[in-house]
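Here are the chains, one letter per residue:
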Amino acid sequence: MFKGSLVALITPFQDGAVDETAFQEHVAWQIGQGTHGLVPCGTTGESPALEHDEQERLIALCVEVAKGRAPVIAGTGSNSTAHTIAATRAAKAVGADAALIVCPYYNKPTQEGLYQHFKAVHDAVDLPIIIYNIPPRSVVDMSVDTMARLAKHKNIIGVKDATANLVRPLHTRRACGDDFCQLSGEDHTAIAFNSAGGVGCISVTANVAPRFCSDMQTAWADGRVKDAMAIQNRLVPLHDALFSETSPGPVKFAASLLGKTTERCRLPLAPLMGPTRERVRAAMTEVGLLN
């Protein structure tokens, strides 16, 4: 099972191209800081702005650095079922341990459409699948009933739940079973989500605070609830700042302050506004990541 602190990896760019060296150095740093899982080419990795060959290459680069020390859950979802199948096959071919597949965005499928989409990918590629349910970005919200139907398929093993609805994991657990892997997709709810049946978080904040996020999840798993809550409380200003403008803009700026990458995102994401930059810098300082 995938659990603990899993990082939704940013994609570094240099002069408009993927910075492969910076990406692999970032992955290596994450593993060294105790991150429990790696998620390349998700929303935080700017997947909608990546070319297909860039996506495949990034997943391969991540697998190459991980060397089995941390699982690689590759973002392969899109709003095209055929493209999702092709990307998932490519991820398997380069050694990914699982695929993170977002509910198709913009198309606005019905619940039956969602079911058929994920079933088609499942039937086409023999690779564990984690459903990525993020209604604010995809518009559609997969229901618990639909997820329960999908959970009956052997390779649909869990969900990244970015609804921020803490009632949802309770119902999902009852409908899908204790072994269905529930991961929070919203940093603010990481510990509260665990208390409702989750086993970890696919985190944006872990890009810049991997040790804090890893220690927090480990403390929770060890039953050291007060320690976990103390770390979570410390991270709140950083969570706030990193989502004060469209992600991954703020977290890429934060990573640039640590010397991990340039701050630039690909269009249509614009450079950060001045007040957001100041807020991110202040939060990084308050948490103790900058002097």
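Please refer to the structure placed before this passage.
Every chain's residues receive numbers from 1 upward, in the order its sequence appears when written. Local features are withheld for residues below a pLDDT of 70 in this predicted model, meaning they are given only at 70 or higher, and side-chain atom pairs are given and counted only at 80 or more; totals for whole chains, interfaces and linings count all residues. For the side-chain quantities, the full set of heavy atoms in the structure was used; hydrogens and water were omitted.

(A) Inspection of the overall build of the protein at higher detail. In this description a helix means any DSSP run of H or I spanning at least four residues, a strand means any run of E spanning at least two, and both kinds are numbered starting from the N terminus. Assigned secondary structure in the protein consists of twelve helices and ten strands. In this treatment the radius of gyration is a C-alpha quantity, and the globule benchmark scales as 2.2 Å times the residue count to the 0.38 power. What you see for the protein is a C-alpha radius of gyration of 18 Å, in line with the 19 Å of a compact globule of 291 residues. Overall, the C-alpha framework of the protein stretches about 50 × 45 × 35 Å when taken along its three principal axes. Note on classification: 1.4 Å probe, protein chains only; a residue is buried when its accessible area is under 20% of the maximum for its type, exposed when over 50%, partly exposed between these limits. Relative to its full complement of 291 residues, the protein shows a buried share of 54%. Taking the contacts inside the protein whose residues are at least 6 apart along the sequence as the reference set, 71% of them involve residues at least 24 apart. The protein chains shown are the only cover counted for residues, whose accessible areas, like all others here, come from Shrake-Rupley with a 1.4 Å probe. Just so you have it, the protein exposes about 12,200 Å², and 51% of that area is on carbon and sulfur atoms. Two residue types count as positive, namely Lys and Arg, and two as negative, namely Asp and Glu; His and chain ends fall outside the count. Charge positions are represented by NZ for Lys, CZ for Arg, CG for Asp and CD for Glu. For the protein, the distance from the average position of its 27 positive side-chain charges to the average position of its 29 negative side-chain charges is 3 Å. Whether two residues touch is decided by their heavy atoms; if any such pair falls within 4.5 Å, the residues are in contact.

(B) Quick peek at the packing of aromatic side chains. Stacked, tilted and edge-to-face are the three classes applied to pairs of Phe, Tyr and Trp rings, where Trp contributes its six-membered ring and a pair requires centres within 6.5 Å; stacked means planes under 30 degrees apart, edge-to-face means over 60, and tilted covers the rest. Applying the stated rule across the entire model yields zero aromatic pairs. If you follow R149 out to its NZ or CZ, it ends over the ring of Y115, 3.7 Å from the centre. If you follow K260 out to its NZ or CZ, it ends over the ring of W29, 3.9 Å from the centre. Ring-over charges, as used throughout, are those where CZ of Arg or NZ of Lys falls within 6 Å of the ring centre and within 35 degrees of the ring normal.

(C) Examining the pairing of strand β7 (residues 129-133) more closely. For β7, a buried count of five out of five residues is recorded, marking the element as mostly surrounded by other parts of the structure. Both faces of β7 are covered, namely the face carrying I129, I131 and N133 and the face carrying I130 and Y132. Relative to β7, strand β6 (residues 98-102) runs parallel, the two sharing four bridges. Of the residues in β7, the one forming a bridge with L100 is I130. Viewed with both strands pointing away, a crossover whose connecting path from the first strand over the helix to the second turns clockwise is right-handed. With respect to chirality, the unit in which β6 leads through helix α4 (residues 111-124) into the neighbouring parallel β7 is right-handed. In short, DSSP must find at least two bridges between two strands for them to pair. Sheet topology places β7 next to strand β8 (residues 156-161); five bridges connect them, and they run parallel. Bridge pairing in β8 links I129 to I156.

(D) Fine view of helix α12 (residues 274-287). Every helix has an expected span of 1.5 Å times one less than the residues it contains. A rise of 1.5 Å per residue sets the reference length of α12, with its 14 residues, at 20 Å; its end C-alpha atoms lie 20 Å apart and thus fit the reference within 8%. Along α12, the residues classified as buried are T276, V280, A283, M284 and V287. Projected down its long axis, α12 carries its buried residues within an arc of 100°, all on one side. Of the residues in α12, the exposed ones pointing more than 90 degrees away from the buried face are P275, E278 and E286. Following α12 by one or two positions, G288 has its phi on the positive side, about 105°. Note that the arc is defined by the directions from the helix axis to the C-beta atoms.

(E) Fine view of the packing of helix α3 (residues 81-93) against α4. Every axis corresponds to a line fitted to the C-alpha atoms, with the helix fit spanning only the stretch in contact, and the corresponding angles, defined between N-to-C directions, vary from 0 to 180 degrees. Where α3 contacts α4, the two axes come as close as 10 Å, and the packing angle between them is 35°. Considering how the two elements wind past one another, α3 and α4 form a crossing that is right-handed. Across from T81, T84, I85, T88 and R89 in α3, the residues of α4 making contact are H117, A120, V121 and A124. Think of it as three bins: nonpolar holds Ala, Val, Leu, Ile, Met, Phe, Trp, Tyr, Cys and Pro, charged holds Asp, Glu, Lys and Arg, and polar takes everything else, Gly as well. Tallied by class, residues from the contact of α3 with α4 come to four nonpolar, four polar and one charged. A crossing counts as left-handed when the near helix is turned anticlockwise from the far one by less than a right angle, and as right-handed when that turn is clockwise.

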